[in-house]
Each structure stands twice: as C-alpha cells, then as structure tokens.
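So the chains spell out like this:
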Amino acid sequence: MRNIIAHTVVSLDGVFEGAAISEENRDRHISRFSPYRDEAYLLYELGQALACGALLMGRTTYEDFTKIWPGRPDPWSDRVNAMPKYVFSSTLEQVEWNNSTLVRGDVIAEVTKLKQQEGRDLLIYGHGLLAETLLKHHLLDVLDLSIHPLVLGQGKQLFRQGETAALKLVATKSFSKGIVNLTYEPQY
C-alpha cells in the first residue's frame, strides 16, 4: 500500500504558500518565501518529488501549477512535469498538462483505490480541500510542513477553524536560511 504525503510550505503565522492570493499578488506572495530556500532545501524538495510516484491535486492547485511549472528549466520542474498527476475536480471539463488524469466521483473511494495500488508514495502539495478531506477520512499518512521564517499577517490558514488532528512528530530538519521542516504522522 502506498502512503500519501502532504508537503506544505507555510509561514510562522500559519499561512500556506499560494493560498488565497489574487492573481495580481501571486508573484509577490510566492517571492516572499523564496529568499529562505538554500541549496540544501531545494535538494530536499527535489528528493521528495523523486521518491514519490505521482501527484494528487485539486482543481485550484492544478490550475495554479499549470501557470507556473510546464516549460520551466530546472530539475524540480522537470520532475513535477513528468510525474503522473491525478486531478480531483467536479468542475473541470478536461486536463491538458502532460500525464494528468481527471478524477471525478467519490474522492475517498478514488484515493483509496490509488493508495492500494503498487508503486511509490503519492504526494500532495499544499493543504487545500483535498488534503483536508484525506486527513479527516484517515487517508493521509504524512504531513510534511516547511515552516518559513516570516509572518504574512493574512492569507489562508493551514488549518480551518474546527479542523482537528492528533499528530506525532517523526522528523525535523533545519536549513541555513531559517526554514524548519517538521514531519508528522497523523495518529488515527
């Protein structure tokens, strides 16, 4: 059985990267996280993408990623572009990014099928509705938080009001420019 890993970039005040950001402010928001990423951090993220067999994403992440990653010339982008991508959406009519499959229907049933297949782990970037749903239904195996040393003051919070989870810290890693990566396993 494959594990599902949710990797989320988050500020100290709990705002996650790319969340609730208007199109005109997106580059400014994302660039706030960039100065803290050293070579070791970039290699960590690349290693995680290389270790996983496919991406799971919701509509918003899919739409955001298709604006940024196709055609970018770096190893991480090459990996993300090449990976199989399962896009969960009830509103998209089609997905055109290479190696993407549109998944409709019962999210829990479809993710359970993917999880039971042979292969490498499944990766989710961000903590949107898909990751929240999988955590709530005990399908998320790892919550990997990259906490960046900045306070944004506004934006979508990592956890919604009323969302609860018991987590066990299983790994920590710090990077030279202040990022701390905390890896948790949900305790179901």
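Located above this text is the structure these notes cover.
What you see is a predicted model; the values in this text were computed from it and never measured.

> How should the environment of Val151 be read in this particular structure?
One can find Val151 in the loop between strand 6 (142–148) and strand 7 (167–174). Looking at Val151, the relative accessible area reads 60%, which means it is exposed. As a C-alpha pair, Val151 and Phe88 span 63 residues in sequence and 31 Å in three-dimensional space. Ignoring sequence-local partners within four residues, the contact set of Val151 consists of Leu12 and Asp13.

> Whenever I open this one, the sheet that holds strand 3 (residues 85–88) confuses me. Can you help?
Two pairing modes exist for strands in a sheet, parallel and antiparallel, and in both the strands are linked by backbone hydrogen bonds. Spatially, eight strands are ordered 4-3-2-5-1-6-8-7 in an open sheet, and the strand pairing comes out mixed. Two strands lie at the open edges of the sheet, namely strand 4 (100–103) and strand 7, each paired on one side alone. On average, each strand axis in the sheet is tilted by 25 degrees relative to the strand beside it, whichever way the strands run. Pairing geometry for strand 3 and strand 4, over four bridges, is parallel. Opposite Tyr86, over in strand 4, you have Thr101 as the bridge partner. Lying over the sheet, helix 3 (residues 59–68) contacts strand 2 (54–58), strand 3, strand 4 and strand 5 (122–125), oriented at roughly 110 degrees with respect to strand 2. Contacts between helix 6 (residues 129–136) and the sheet are confined to strand 1 (4–11), strand 2, strand 3, strand 5 and strand 8 (180–186), with strand 2 contributing the most and set at about 105 degrees to the helix.

> Whenever I open this one, helix 5 (residues 107–116) confuses me. Can you help?
The α-helix advances 3.6 residues per turn, and as a result positions three or four apart in sequence lie on the same side. Those residues of helix 5 that fall on the buried side of the exposure criterion are Val111, Leu114 and Lys115. Within helix 5, the buried residues cover an arc of 100 degrees as seen down the axis, which keeps them to one side. The inward-facing, buried residues of helix 5 contact strand 1, strand 2, strand 3, strand 5 and helix 6. With a side-chain oxygen lying 3.0 Å from the backbone nitrogen of Ile108, the N-terminal cap of helix 5 falls on Asp106.

> Sorry, what's going on with the packing of helix 2 (residues 39–51) against helix 4 (residues 75–82) here?
The relative placement of two packed helices comes down to the angle between their axes together with the axis-to-axis distance. Contact pair helix 2 / helix 4: the axes reach a minimum separation of 10 Å and the direction vectors enclose 20 degrees. It follows from the interaxial angle that helix 2 and helix 4 lie roughly parallel. Considering how the two elements wind past one another, helix 2 and helix 4 form a crossing that is left-handed. Residues Glu45, Leu46, Ala49 and Leu50 of helix 2 form the contact with helix 4, whose participating residues are Pro75, Trp76 and Arg79. Its residues assigned to classes, the contact of helix 2 with helix 4 comprises five nonpolar, no polar and two charged.

Rules and cut-offs
For every chain, the first residue of the written sequence is number 1, and numbering continues from 1 onward in sequence order. Local features in a predicted model are, by the rule used here, given only for residues with pLDDT of at least 70; side-chain atom pairs are given and counted only at 80 or more, and totals for whole chains, interfaces and linings are based on all residues. Hydrogens are left out, water is left out, and the side-chain values use all remaining heavy atoms of the structure. In this text, helices come from DSSP runs of H or I with a minimum length of four residues, and strands from runs of E with a minimum of two, each type numbered from the N-terminal end. Only protein chains enter the accessibility calculation, which uses a 1.4 Å probe. A residue is then buried if its area is under 20% of the maximum for its type, exposed if over 50%, and partly exposed in between. Whether two residues are in contact is decided by their heavy atoms, any of which lying within 4.5 Å being enough. At least two DSSP bridges between two strands are required for those strands to pair. A fitted line through C-alpha atoms serves as each axis, taken over the contacting stretch for helices, and the angle formed by two N-to-C directions is quoted from 0 to 180°. Directions from the helix axis toward the C-beta atoms define the arc. A 3.5 Å cut-off defines polar contacts: any pair of N or O atoms within that distance qualifies, except that in protein one atom must be a possible hydrogen donor and the other a possible acceptor, and neighbouring residues in sequence count only when both atoms are side-chain atoms. Should an angle fall under 35 degrees it is called roughly parallel, over 145 degrees roughly antiparallel, and 65 to 115 degrees roughly perpendicular, with every other angle called oblique. Crossing chirality is assigned from the near helix's rotation relative to the far helix, an anticlockwise turn below a right angle marking it left-handed and a clockwise turn marking it right-handed. Note on residue classes: Ala, Val, Leu, Ile, Met, Phe, Trp, Tyr, Cys and Pro are nonpolar, Asp, Glu, Lys and Arg are charged, and everything else, Gly too, is polar.

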